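Working through the structure, step by step
The residues making up each chain are set out below.
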Amino acid sequence: MTEFFQHLVNGVSVGTIYALIALGYTMVYGVLKLINFAHGDVYMVGAFSGYYLGTVGGGGQPSFIRAAYITLGAMIVCGLLGYVIERFAYRPLRDQARLTSLITAIGVSFLLEYGFQLTPWFREPVPFPPGPSPRFFPTLLDFGPAPSLEFLGVTVPKIDALGLVLALALMLLLQHIVYRTRFGTAMRAVSFDPQVAGLMGIPVNRIISMTFVLGSALAAAAGIINASSRPKIEPLFGLMSGLKAFVAAVLGGIGNVPGAMAGGLLLGVTEEYVAGYTSSSYRDAIAFAVLILVLLLRPEGLFGRATVEKV
Amino acid sequence: MSDAGPILEVKDLRVHYGAIEALRGISLEVSDGQVVALIGANGAGKTTTLRAVSRMLRPSGGQVRFRGEDVTRLPSHAVVARGMAHAPEGRGIFLNLSVRENLDLGAYLRRDRAGIASDVERAYTLFPILAERRAQVAGTLSGGEQQMLAVARAMMSRPKLMLLDEPSLGLAPQVVERIFGVLREVNASGVALLLVEQNAHKALQLAHRAYVLETGTVVMQGTGRELLASPEVRKAYLGE
């Protein structure tokens, strides 16, 4: 029974990471009907932004203020990155066939993955690009001699618990933004019909930009939360998480914000149980088995509404 | 003719869909406070004209002046910001949003909360069914209710000019009466209307001026009464 709960906790912890990334996929899909395959790499850049912010100037002692500064800093960096990607890679192709944008997204993804593996252009104050060898994310918080919580035999590192709380808070905040604010209503209007949204006086391009900024900032937060607990980072580590988060978004119903959250959690927990009770070599296969099952049995996702593709 | 100046001037407007020329140089005018109707067969270019005026699509030539300003190259949200509202073909309701959210989006550019709230109340008074359904997702409304919502939403920006695309299409006669009644009231309050209607009889009765479109050009124009009396119009569009 203890094992069951331990897996649950681990699964939820990984699941919130998937959920945060999946939100970016689903929101961008909502407004542009584009699968932004570069999104997993924005998550990677988020972790590296935190790494750089944490190591510049010798680092400093772990503290809440430093953790907050690094998290917010990475979110801002990635927000800008998301803005730039949309503005210069996707917007010029907006009127072209959708496949063009999709291929461009894969191109942006490669650009980030392989750009970050180049030999550094400069070494001071920090080597950038980081190059292909893994780096270790700085410790953001020092919990002293008792870094883990324990109850009923289940062990939860405090950093994971904190990450979980932060992830849930961000999801609640996003839920509020999407369903309770003027911007969120505009975003949902653009996702339903951008032309008519323009007729309401909604600046459609600005809403699309903001959607990328928001989604990318969430990916950065996910990058920081993940790297605080699993500190080894390298330029390709966004690939698998990105693909799994994409599966989570499809599982929840692509374009559906609560669906992405539920899909991420469900995928994280499923993965953990299957890996825990059979063999961890199945871990990565689970996500894609789930994708195949969803596409076969319920292509609109758990929370999506079936739509007929107009020809 | 009305003595008020034109609120909308369209000169030699051209639109291409690929190689097809949908508008071949349309010119028309709406005077302040007037109702102008566009009538014509399917495919004559009525909807395209409205879409080009509100910049839902990009004209390939010609000019649109709204309240004295050239708006031909502005994005549609900027045209709307200058006092135009467009209830598009097919109603353009956000079916994923609630009735209230649809109305609020009509007032997206306004910041006066009190004014917006009182306009929402006015919309509920004009169309009581919308008040009953205010929290419902608009996708659950009937066609007539969606059309009422489209008209009510267009009023929410307090426009100077409303473009209406087939507000009576597919609706029961009582609903049509209700909507035309409201349009008459809206016009009486000083809002100019540019109306596309397949119900030519109703449109011409309401209109101060009307234009007859055929294959992307204006083939006839006059006051509503003149066109109602014209033998060609009676034969081609009034089914007589």
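Residues numbered from 1 in each chain as written. Chains lettered and ligands numbered in written order. Predicted model: local features only at pLDDT ≥ 70, side-chain atom pairs only at ≥ 80, totals over all residues.

Time to look at the overall build of chain B. Secondary structure assignment for chain B yields 10 helices and 10 strands. For 240 residues, the compact-globule estimate of 2.2 N^0.38 gives 18 Å, and chain B sits close to it at 17 Å. In terms of its C-alpha atoms, chain B occupies a principal-axis envelope of roughly 45 × 40 × 40 Å. Here chain B, with 240 residues, has 46% of them falling under the buried criterion. Considering only contacts in chain B between residues 6 or more positions apart, those separated by 24 or more positions represent 67%. (Helix = DSSP H or I, 4+ residues; strand = E, 2+ residues; numbered from the N terminus. Rg over C-alpha atoms; globule rule 2.2 N^0.38 Å. Buried ≥ 20, exposed ≤ 12 C-beta atoms within 10 Å, placed from the backbone. Contact = placed C-beta atoms within 7 Å.)

Turning to the interface of chain A and chain B, a few remarks are in order. Contacts between chain A and chain B engage 15 residues on the former and 21 residues on the latter. Elements represented by at least two residues in the side of chain A that touches chain B include exactly helix H6 (182-192) and helix H7 (194-199) of chain A. Of the residues forming the side of chain A that touches chain B, the biggest block, five residues, is contributed by H6 of chain A. The residue inventory of the side of chain A that touches chain B, partitioned by class, reads nine nonpolar, four polar and two charged. (Nonpolar A, V, L, I, M, F, W, Y, C, P; charged D, E, K, R; others polar.)

Let us look at the confidence of the model for chain A. Interpretation of the predicted coordinates at a detailed level should be avoided for regions scoring low in pLDDT. With 97% of its residues at a pLDDT of 70 or more, chain A shows a mean pLDDT of 92. The least confident element of chain A is strand E2 (residues 148-151) of chain A, whose mean pLDDT is 88; the most confident is helix H8 (residues 204-229) of chain A, at 97. (pLDDT = per-residue confidence, 0-100.)

What follows is about the sheet that holds strand E10 (residues 217-223) of chain B. Residues and elements named next belong to chain B. Across the sheet, which stays open at both edges, the six strands sit in the order E6-E7-E8-E3-E9-E10 with mixed pairing between neighbours. Each edge of the sheet is formed by a strand with only one pairing partner; in this case those strands are strand E6 (84-87) and E10. Between one strand axis and the next, the sheet turns by 15° as a mean value, whatever way the strands run. Pairing between strand E7 (residues 161-165) and strand E8 (residues 192-196): five bridges, direction parallel. Each residue of the ladder has a partner; that of Leu161, found in E8, is Ala192. (Pairing = 2+ DSSP bridges. Axes fitted to C-alpha atoms, helices over the stretch in contact; angles between N-to-C directions.)

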